[in-house]
Amino acid sequence: MSEYIATIGLEVHCELKTETKLFCSCRNVFGAAPNTNTCPVCAGHPGVLPVINRKAVEYTVRAGCAIGCEISRFSKWDRKNYFYPDLPKAWQTSQYDLPLCIGGSVTFDVNGEEKTVRLNRIHLEEDAGKLVHSGNCTTVDYNRCGVPLMECVTEPDMHSADEAVAFLEELASIFRYSGVSDCRMQEGSIRADVNLSLSRPGEPLGTRTETKNLNSFRSVRRAIEAEIKRQTEVLESGGKVVQETRHFDDNTGTGYGMRSKEDAQDYRYFPEPDLMPVVLSDADIERIKADLPELKRARRKRYVSELGLSDYDASQLTSEPEIADLFDGAVKAGANAKKAANYVMSEIMRKGKTAGEDGIAIGVTSVQLAELLSLVDKGEINLVSSRDVLDKMWLNPNESAAKAVDELGLRQNNDAGEIEKLVREIIAANPGPANDFRNGNEKVLSFFVGQLMKATKGKTNPKIAGELIRRLLSE
Amino acid sequence: MKDMVKKSLAEIKEDIAAGRVSSVEVTEAVLESIKEQEDLGAYVTVCAERAMEEARAADKAVAEGKSAPLLGVPIAVKDNICTEGVRTTCASKFLENYIPPYDAFVVKKLKAAGAVIVGKANMDEFAMGSTSEFSAYKVVKNAVDPTRVPGGSSGGSAVAVASYQAYASLGSDTGGSIRQPASFNGVVGLKPTYSAVSRNGLVAFASSLDQIGPIARNVADCRTVYDVIKGHDAGDSTSYAGDLDKGADFTSLKGRKIGVAKEFFPAALNATIRAALEKAIKFYEDNGAEIVETSIGSFDMALACYYILSSAEATSNLSRYDGIKYGRRAEGCKTLDEIYYKSRTEFFGAEVKRRIMLGNFVLSSGYYDAFYLRASKARTLIKKDFDNALAGCDALICPTAPTTAYKLGSNAGDTTAAYLGDVFTVPVNIAGLPALSVNCGYDGDGLPIGMQLIGKPYCEKTLLSLAEIYEKGGERV
């Protein structure tokens, strides 16, 4: 008997980072006190009507352009009807047969190989609220109702947990680079459903199950691995996989069936009469396309081919769009690419990484960074004191590096005449060590450098100082 | 009943503006009339205190020399139109305790125009019905003959106006709910072009068909209220942003063409109603209008198309009443499903349940194509037929309803009989056109007969002019 091959398709829900919700003017923010970020529209009061947030449409189209989707010139809204307490209208406004984006594909590397996954579609829909269970009581928080969600549906092109996770990481990076979503897992701003079936090579696909609502890359990986194992066991023991919707419990690491095909809900989709169809012109789409920034893969390749960075450095610098933007900006402002890369990877990323959080906080502008690097390059400050300058500029975009250096009194003394005077004084005050040097003891040189640094509070250019001391001692 | 309540809206508005009477006096008189005629069941909620406050504010405005189109005039609002702070029940037990946190767009417009809102008019539950017998609170009775139905679903709005419990009212019309009760009570009702009046704050029955419109005792008053409530609303995505006055104001029928579509005059049409309509048509012809024969070939599809589309939308629109968030919840529920089942069983009336089930059926998987999809295609055909028919004339003329007001309870065992009563009104909603009902005579029992004028999109002015000319000169049966 031969090994089973897993066939995996994903449905990825991704929150858009628009300022307001999809159909009302409530703010699209995470973490407000329960039911404080609602209005009659998103709370589903009688008589309310939705008004589409054009920005959400634009963001979805932008995401579609980034993935090479065909953008629909005409797309419409549909009601997906079902009862649940987190859905105040008892329907979700979604797109059924005419989504905004069709097709497209995502190319990424997995275990050293290039892989492409095709997308079926991306459509725009609204999020539901959240049930909060406590004891024998359940309450509903409607804050998240109406938050704009993109649903990206892939073709069943993946065959392992590695591929699925690598795909998700690439997709999240594309959305972050496109500026349409933060894709923050712990805020639930990206979630995935996994469709999975097993088959033997050459045989038709097996019966699939759908594991719903996985909200971290880790649970996607674990759920896929657990489901492959479970289906294998079912098939090995002569059983049949049942088409069903499943839930994966992150705590126990196991999945369980929620409802079978027979109990599947009939959503009774029909066109939403309260919203007009979305009609986009070629000009609209061209404008959105033109705004699209260079994405991660392209930048990474450019850093290697045009800037001569190593592939490792290029991948580090493109790990987050904020870092890549900072780096690009600094290079554009005149910084040396390799030096800027090293500085960003060592100093900036160390400072910007906030432990345990997705993403990175960048507290300097690319212009500030370029200026700082130029000061180091010219020997006006040394690398060690550049950290103090960085601290001073952090989250203070109006502070120039030169001004910070002066305010901190860190500017190196490069005046050879003044240094010579000091060195002569130090030599005169330390005749013993001076004689030792003249007798061939090179080690005392560092004693004199130390004395000079002490006298100038570290602001002497160490290279100039060393040469000068050697010359004067040898006189 | 004081005489002043019988004045027209235009007259009482003039009296208030000129200081001959105060809004407070007028409002008191109307509230008194409401009290005297409580048994007609025109109102679900009377807002006496608020109305008096609004009347005092109106009097103050008059004293300050301000003017507004409805300043100080008592108006009734159908109980499916949201009023901030005043309960809006849709005549349903489900929303018995529901107080909206916002005003409907049209209510804001009324308030801005200085109107005094005296109460929330009774109706068929969630606007489903054509007799106003499906109110969960009390049956509405016809203003001309209280043993008969007032029509529906805006029965309360029509009766309030016809029996002098308000100078005008707002109703809503999904398949005839303004025009048919206007016809049954001998008043004027206008269903505007779909999208001419914002639906923002109108509790949805069938979103693609619902329109708010005015009911008044004469055409001029109807025009006054319509001019106040129409207009673009960015809060309603289907609201029309273009020119809402594509029609014309005129006083001569010279050069006007009125279309008669044969489908609206079936062989089985009640003879008295036919005679009344023929007389009205003759009036138009005698006064210079050209009568053109035309046809709506898809007329027969309209009723089925309407009941499929409206029920489908209703089933979705009414799903939000689930006992979870607002409105009532059945007692003693132990599980989520029990909350849904018990609340919806207990608080929805029979007619609403019937439409919900019908709507779920036509949308359900396996039946969608046969019902909803075909009805959508029929809708396109019906629209096209009306476009063609109206291309050759200013308006179509036909009866508003195939009958005059019938006895209360006479449809009790036969729901389709009531559905058939909508045969002349529903095609207009499907086509999204404006239409107006104005009285054109009385039958042998003295019951009013309505004639319907159907116009081109955003040509309400044309309909109002045609109706006003008739109203001033037309001879009744």
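Residues numbered from 1 in each chain as written. Chains lettered and ligands numbered in written order. Predicted model: local features only at pLDDT ≥ 70, side-chain atom pairs only at ≥ 80, totals over all residues.

(A) Spotlight on the overall build of chain B. Each helix and strand counted, chain B has 15 helices and 11 strands in total. Dimensions of chain B, computed from the C-alpha atoms along their principal axes, are close to 70 × 60 × 45 Å. Looking at the 477 residues of chain B, the share that counts as buried comes to 61%. For chain B, restricting intrachain contacts to residue pairs at least 6 apart in sequence, the fraction spanning at least 24 positions comes to 76%. (Helix = DSSP H or I, 4+ residues; strand = E, 2+ residues; numbered from the N terminus. Buried ≥ 20, exposed ≤ 12 C-beta atoms within 10 Å, placed from the backbone. Contact = placed C-beta atoms within 7 Å.)

(B) Spotlight on the overall build of chain A. Regarding its fold elements, chain A presents 15 helices and 17 strands. For chain A, the proportion of its 475 residues judged to be buried stands at 40%. A separation threshold of at least 6 residues defines the contact pool for chain A, and within that pool the share at least 24 residues apart is 68%.

(C) Structural view of helix α5 (residues 155–162) of chain B. Residues and elements named next belong to chain B. The buried fraction of α5 amounts to 8 of the 8 residues, a majority that puts the element mostly inside the structure. Every buried residue of α5 is accounted for by G155, G156, S157, A158, V159, A160, V161 and A162. Immediately downstream of α5, the backbone of Y164 shows phi near 65°, a positive value.

(D) Fine view of the environment of Q231 of chain A. Looking at the element boundaries, Q231 of chain A is found in helix α3 (residues 217–236). For Q231 of chain A, a count of 21 C-beta atoms within 10 Å puts it in the buried group.

(E) Fine view of the domain arrangement of chain A. In terms of domain boundaries, chain A breaks down into domain 1 (5–284), domain 2 (294–408) and domain 3 (416–473). Relative placement of domain 1 of chain A and domain 2 of chain A: their C-alpha centres are 36 Å apart. (Domains from an automatic or database assignment.)

(F) Here's a closer look at the interface of chain B and chain A. Contact residues are listed per partner, giving 35 residues for chain B and 25 residues for chain A. Contributing elements (two or more residues each) for the side of chain B that touches chain A: α9 (302–317), α10 (336–347) and α11 (350–363) of chain B. If one sorts the elements of the side of chain B that touches chain A by residue count, α9 of chain B sits on top with 3 residues.

(G) Broad picture of the packing of helix α12 (residues 416–429) of chain A against helix α15 (residues 462–473) of chain A. All names here are of chain A. Contact pair α12 / α15: the axes reach a minimum separation of 10 Å and the direction vectors enclose 50°. The orientation of α12 relative to α15 falls into the category oblique. Like other packed secondary-structure pairs, α12 and α15 cross with a definite hand, here right-handed. In this structure, α12 contributes A416, I419, E420, V423, R424 and I427 to the contact, and α15 contributes I464, A465, L468, I469, L472 and L473. (Axes fitted to C-alpha atoms, helices over the stretch in contact; angles between N-to-C directions. Parallel < 35°, antiparallel > 145°, perpendicular 65-115°, else oblique. Left-handed = near helix turned anticlockwise from the far one by under 90°.)

(H) Layout of the sheet that holds strand β5 (residues 91–94) of chain A. Spatial strand order, β5-β4-β16 (chain A): 3 strands in an open sheet with antiparallel pairing. Edge positions in the sheet fall to β5 and β16 (270–271) of chain A, since each of these pairs with one other strand and no more. (Pairing = 2+ DSSP bridges.)

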